[in-house]
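Coordinate analysis (summary)
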Amino acid sequence: LNNAGVGCTGPLAELSPAAVSRAMDVNFLGQVRTVRAVAPHMAARGAGRVVNVGSVVGTAATPWAAPYCASKAAVHAATDALRLELRPFGVHVVKVVAGAVRSGLGRANAAQLAAGGQEWRMYRDFAAAIEERGRASQTRKSTDAGVFARHVARRVMSARPPREIVYGNMTLLFAALAASPAWVRDAFFAWRFGLNKKPR
């Protein structure tokens, strides 16, 4: 089960290359490294299950979190390919598209912003919206982590595990956004994350 992940909050044009690299390294390449370690053993015994946890933002990217969204999109694409590549060896690969699940991500994002001492140059007028994006998935409506884990485990451990599990708060909203024309997504996210105004 590849579930480790870190956030990366801020405007892409001003985030440090190190912050962007860390998000991709942990969220995507971390999964690749784990798969490389376990896949030969699973293939040798002709059985196994690999579960890669992605996110709804991998299907409809939000502002102020481009590297995080990109890392989850990479997880989705790689998992779809890996599912086919490991199929001849009897290994099941499951993609989990997580909605808003209660975790420490919001606190970690806030700490990351504070530790960075970020003073956005181009985006100083959007600082409050950027901070709010860091907490956006952690509301009272977020799915309890235990409920989420039990749902995923039950389906993964079933006799015929699914190719994909979509679960958690806001999954319906993001499914609708992913299926919408780009202008609809742009209008929604611009409204939601404070991008309907021009900087002063």
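Residues numbered from 1 in each chain as written. Predicted model: local features only at pLDDT ≥ 70, side-chain atom pairs only at ≥ 80, totals over all residues. Heavy atoms only, no water.

Attention now goes to the pairing of strand E1 (residues 48-55). Counting buried positions along E1 gives seven out of eight residues, so the element sits mostly inside the fold. The pairing of E1 with strand E2 (residues 91-98) spans eight bridges and is classified as parallel. Considered in E2, the bridge of Val50 is made with Val93. Each parallel crossover has a hand, and the one from E1 via helix H2 (residues 66-86) to E2 is right-handed. (Buried < 20%, exposed > 50% of the residue type's maximum accessible area, 1.4 Å probe, protein only. Helix = DSSP H or I, 4+ residues; strand = E, 2+ residues; numbered from the N terminus. Pairing = 2+ DSSP bridges. Right-handed = clockwise from strand over helix to strand, strands pointing away.)

On to unusual backbone geometry, then. One non-glycine residue, Trp64, lies in positive phi territory at about 70 degrees. On the secondary structure map, Trp64 appears in the loop between E1 and H2. By relative accessible area, which is 6% here, Trp64 ends up buried. The phi angle at Met170 is positive, at roughly 80 degrees, despite the residue not being glycine. For Met170, the location among the structural elements is in the loop between strand E3 (164-167) and helix H6 (171-179).

Ranked by internal contacts, the top residues of the largest apolar core, which has 22 residues, are Val57, Trp64, Trp120, Tyr123, Ile130, Phe174 and Phe189. When residues of this core are traced back to their parent elements, those giving at least two are H2, helix H4 (127-135) and H6. In contact with Phe174, other than residues within four places in its own chain, are Val56, Val57, Thr59, Ala60, Thr62 and Phe189. By size, the runner-up hydrophobic cluster in this structure holds 10 residues, among which are Val51, Val101, Phe148 and Ile165. (Core = buried A, V, L, I, M, F, W, Y, C linked by side-chain atoms within 4.5 Å. Contact = heavy atoms within 4.5 Å.)

Right, let's get into the side chain of Lys95. Inspection of the secondary structure assignment puts Lys95 in strand E2. Looking at Lys95, the relative accessible area reads 7%, which means it is buried. A distance of 3.1 Å separates a polar atom in the side chain of Lys95 from a polar atom in the side chain of Asp80. A distance of 3.2 Å separates a polar atom in the side chain of Lys95 from a polar atom in the side chain of Glu164. When residues no more than four places from it in sequence are discounted, the contact partners of Lys95 are Asn52, His76, Thr79, Asp80, Arg163, Glu164 and Ile165. (Polar contact = N/O pair within 3.5 Å; in protein donor to acceptor, adjacent residues only side chain to side chain.)

Let's shift gears to H6. Side chains three or four residues apart in an α-helix point the same way, a direct result of the helix having 3.6 residues per turn. Those residues of H6 that fall on the buried side of the exposure criterion are Thr171, Phe174 and Leu177. In an axial view of H6, the angular spread of the buried residues amounts to 125 degrees, which keeps them on one side of the axis. Among the exposed residues of H6, those oriented more than 90 degrees off its buried face are Leu172 and Ala179. Next to the buried residues of H6 lie E2, E3 and helix H7 (182-192). (Arc of directions from axis to C-beta.)

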